[in-house]
Every structure is written in C-alpha cells, then in structure tokens.
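# Structural description and commentary
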Amino acid sequence: MATVTPAAPKNGTGRPPWMNPPSPVVQALKAVVITLIVITMIYPLVYVIAMSFATPAQARAGVVFPTEYSLDAYRAIFNGGTVVQGLQNSLFITVVGTILSLAATTMLAWGLVRTRQVPGAKFVLVMILATMFFGAGIIPNFMLIKYLGLLDSTWSLIIPGLISAFNMIVIRNFFQGLPGELIEAARIDGAGEWRIFLQIVLPLSKPVLAVMSLFYAVGYWNTYFNALLYINDSEKWPIQVVLQQYVLAGVAIPGAVVSPDQPAPPGVTLQMAVIVLATLPILVVYPFLQRYFTSGVLTGAIKG
C-alpha cells in the first residue's frame, strides 16, 4: 500500500504557518491593541490618584489632571477617624482571616491527599466539591450567623468563609505533586504527621501558599456584601462599606476637616482619597507575590 506523505508547508521554513514569527504589520497591530488596553486600565487609576491630591480650587474647576497639589484631603480623612477605623477593621479581618484560612485550608488539603488511607476522606472531598456548585442562600446563611451569635461581630466576616473549596483543591493538587519518596523517607526516620507537614510539606509549598494567601487576603479585604448583612455598628464596618457610604452614597465623612477654622476639602478629593487608601494595600502587596503565580496556581491546578 502506498504511503501518503503530507504536503510540506509552502512558507519555505518547513513549519506550519502559525509557528512562524508574525509579520511587521501584525506585530504593529498587536502593539497598538496592547497599548490601548494598558491606557484604558491605567488611566482611571492615575486620574483617581491625581484628583486625590488636587487643590480645592482645581477640584472645583473640574480639571482632568490638576497641576497644583495638596494633602488636605488626606489630612481631613485622618482627622475624621471614620476611614481610619474602617482601614483598621479591614486590616484586622484581612490579617487574621488570611492566617486562619491558610492554616485551615492547608491542614484540610493535607488530610485529603491520601483518600485511601484516611477513612471517609472521599466522602468529605465530595461534600467540599458540592459546595462549589450549591449554596444555601442569603436567608439561611443569615439565620445561621444569627443562631451562632455572630451578628454585629467581626468574626461573622471571617468564620463563614474560612475555607474556600477552590483554594483547597488547588493546594491539595499541589501536595499530591510533592515527591512521595521524600515523605516516606521522613516517616522511616521516625517523623510524625505534624512534623512532616510543618517541616517538609509547607516549606516545599511556598509558591502555592503565597498565591493562596493573596487570594484569601484580597477576598477578606474586599468584604462588602456580608458586612452589609451582618454588621450594624458603623465602628465595625470594613473599608469597603465605608467606601459605599462616603463615595457611592455621597454621605459626608464626619469630622473630615483639615482644621476647625478651615473649610472641608471638596467632596471629590475626599472620595478619591478614600479610594486610594482602600486600594493601596493590595497594590503594595501584589508585586511581591506575583512571581509565584505561574509556579503556584498552574502547578496546583494541573496536577492531580
């Protein structure tokens, strides 16, 4: 029987067309599109930061990018205390919640790695996966928080979301990719489960733990809807609820004045300053963890 030889590509390089370098026109088009996307994403951030430093005169004039700058908006916000209290609440929720969530998620993931050795592990894993597709709803969740005595408590924003099923699956898959020989060697040397987990598994899992900690931190920092449902005391509001009250709803920030004999800064500069203060922590933390994304998320999501 005659063998059919596939036709060689007509581009003269011996490779399929999609593997060849793009033409200068295509490269220029890509550069233009990427530049437009970057401008679209950066422009609002630059505008918000610039307006937060605008002087009262230029803010009232409605200039796009002010040429004169002042710190009056930030002085007024810190004198008022409401935004500072919201930042402190969000900082507590984020730090404590991230630590507890990471500890609970990693321990659960490590316990579910060996589904054959741990009785009931498969059933627990199926129940956790079910929570990714089915939810109780707002009213049952509210009733649960009420009966647990967590209403109007900061813990109502931490305990219900202590473990994310998606994050647990990613960490579990990463644990499954660790060298089994290393774990067995540690057991032969007499190491117990806690020592293996704390001194071997966790140090080898720094990439995925860094990424998951960022995921948890962003989720806790952006807590908004649950705070509206469960928190009535304004002194316990996280910064996102403060944003909604004083930026979207337009409520005046109490005590937001530079000095008693000086009028309050324009509302637009106060609003932009609050947005900057609410966004700055995540912008500062993200660059330090960004390098772990490829080795953390992809490895944990693909293996297993």
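Just so it is clear, the structure is predicted and the values come from calculations on it, not from any experiment.

A word on the overall build of the protein chain. Scanning the protein chain from N- to C-terminus turns up 14 helices and 0 strands. Reading the helices (α) and strands (β) of the protein chain from amino to carboxyl end gives α-α-α-α-α-α-α-α-α-α-α-α-α-α. A separation threshold of at least 6 residues defines the contact pool for the protein chain, and within that pool the share at least 24 residues apart is 72%. Carbon together with sulfur atoms contributes 69% to the accessible area of the protein chain, which is approximately 18200 Å² in total.

To continue, consider the packing of helix 7 (residues 165-176) against helix 10 (residues 206-221). Put simply, helix 7 and helix 10 touch, their axes get as near as 10 Å, and they point 175° apart. Judged on the interaxial angle alone, helix 10 and helix 7 are roughly antiparallel. Contact residues: N167, V170, I171 and F174 in helix 7; V208, L209, M212, F215 and Y216 in helix 10. Looking at the contact of helix 7 with helix 10 residue by residue, the classes come out as 8 nonpolar, 1 polar and no charged.

This part takes up the pattern of salt bridges. With the rule as written, the count across this model stands at 3 salt bridges. Between R187 and E184 there is a salt bridge, with the nearest N and O atoms lying 3.1 Å from each other. Note that R187 and E184 are positioned in helix 8 (residues 180-188) at a spacing of 3 residues, about one turn of the helix. R187 gets classed as partly exposed once you look at its relative accessible area, which sits at 26%. Since its relative accessible area comes to 44%, E184 is described here as partly exposed.

This paragraph deals with unusual backbone geometry. The phi dihedral of D152 falls on the positive side, at around 60°, and the residue is not glycine. In this structure, D152 sits in the loop between helix 6 (138-147) and helix 7. Judged by its relative accessible area of 25%, D152 is partly exposed.

Here the focus is the nonpolar core. Within the largest apolar cluster, 63 residues are counted, with the highest numbers of intra-cluster contacts made by V83, W110, F175 and V201. Ignoring anything within four residues of it in the chain, the contact list for W110 reads F175, I183, R187, E193, I196, F197 and V201.

Another aspect to go through is the side chain of N167. Among the structural elements, N167 can be located in helix 7. Ignoring any residue separated from it by four or fewer positions in sequence, one finds N167 in contact with T105, M212, F215 and Y216.

On the surface, a cluster of nonpolar side chains totalling about 1100 Å² of accessible area is made up of L29, V33, I34, I37, V38, I39, M41, I42, Y43, V46, V64 and F65. Residue position: I42 is located in helix 1 (residues 24-52).

The next thing to look at is the environment of N167. Look at N167 and you get buried, because its relative accessible area is 5%. The spacing of N167 and T105 is 62 residues in sequence and 7.5 Å in space, taken between C-alpha atoms.

Most of helix 12 (residues 239-248) sits inside the fold, with 8 of its 10 residues counted as buried. Inspection of helix 12 places I239, Q240, V241, V242, L243, Q244, Y246 and V247 among the buried residues, and these make up the whole buried set.

Attention now goes to the packing of aromatic side chains. What describes a pair of aromatic rings is the distance from one ring centre to the other and the angle between the planes of the rings. What the rule picks out here adds up to 7 aromatic pairs. Ring plane angle 80° and centroid distance 6.3 Å describe the contact between W194 and F197, whose orientation is recorded as edge-to-face. Of this pair, W194 and F197 both sit in helix 9 (residues 193-204), 3 residues apart, roughly one helical turn. Classification of F197 as buried rests on a relative accessible area of 4%.

Conventions and cut-offs
Residues numbered from 1 in each chain as written. Predicted model: local features only at pLDDT ≥ 70, side-chain atom pairs only at ≥ 80, totals over all residues. Heavy atoms only, no water. Helix = DSSP H or I, 4+ residues; strand = E, 2+ residues; numbered from the N terminus. Contact = heavy atoms within 4.5 Å. Areas by Shrake-Rupley, 256 points an atom, 1.4 Å probe, with all protein chains shown as cover. Axes fitted to C-alpha atoms, helices over the stretch in contact; angles between N-to-C directions. Parallel < 35°, antiparallel > 145°, perpendicular 65-115°, else oblique. Nonpolar A, V, L, I, M, F, W, Y, C, P; charged D, E, K, R; others polar. Salt bridge = Lys/Arg side-chain N within 4 Å of Asp/Glu carboxyl O. Buried < 20%, exposed > 50% of the residue type's maximum accessible area, 1.4 Å probe, protein only. Core = buried A, V, L, I, M, F, W, Y, C linked by side-chain atoms within 4.5 Å. Patch = residues over 30% accessible without salt bridge, like charges linked within 9 Å, V, L, I, M, F, W, Y side chains within 5 Å. Phe/Tyr/Trp six-rings, centres within 6.5 Å; stacked < 30°, edge-to-face > 60°.

Purely geometric stuff here, so don't read any function into it on its own.
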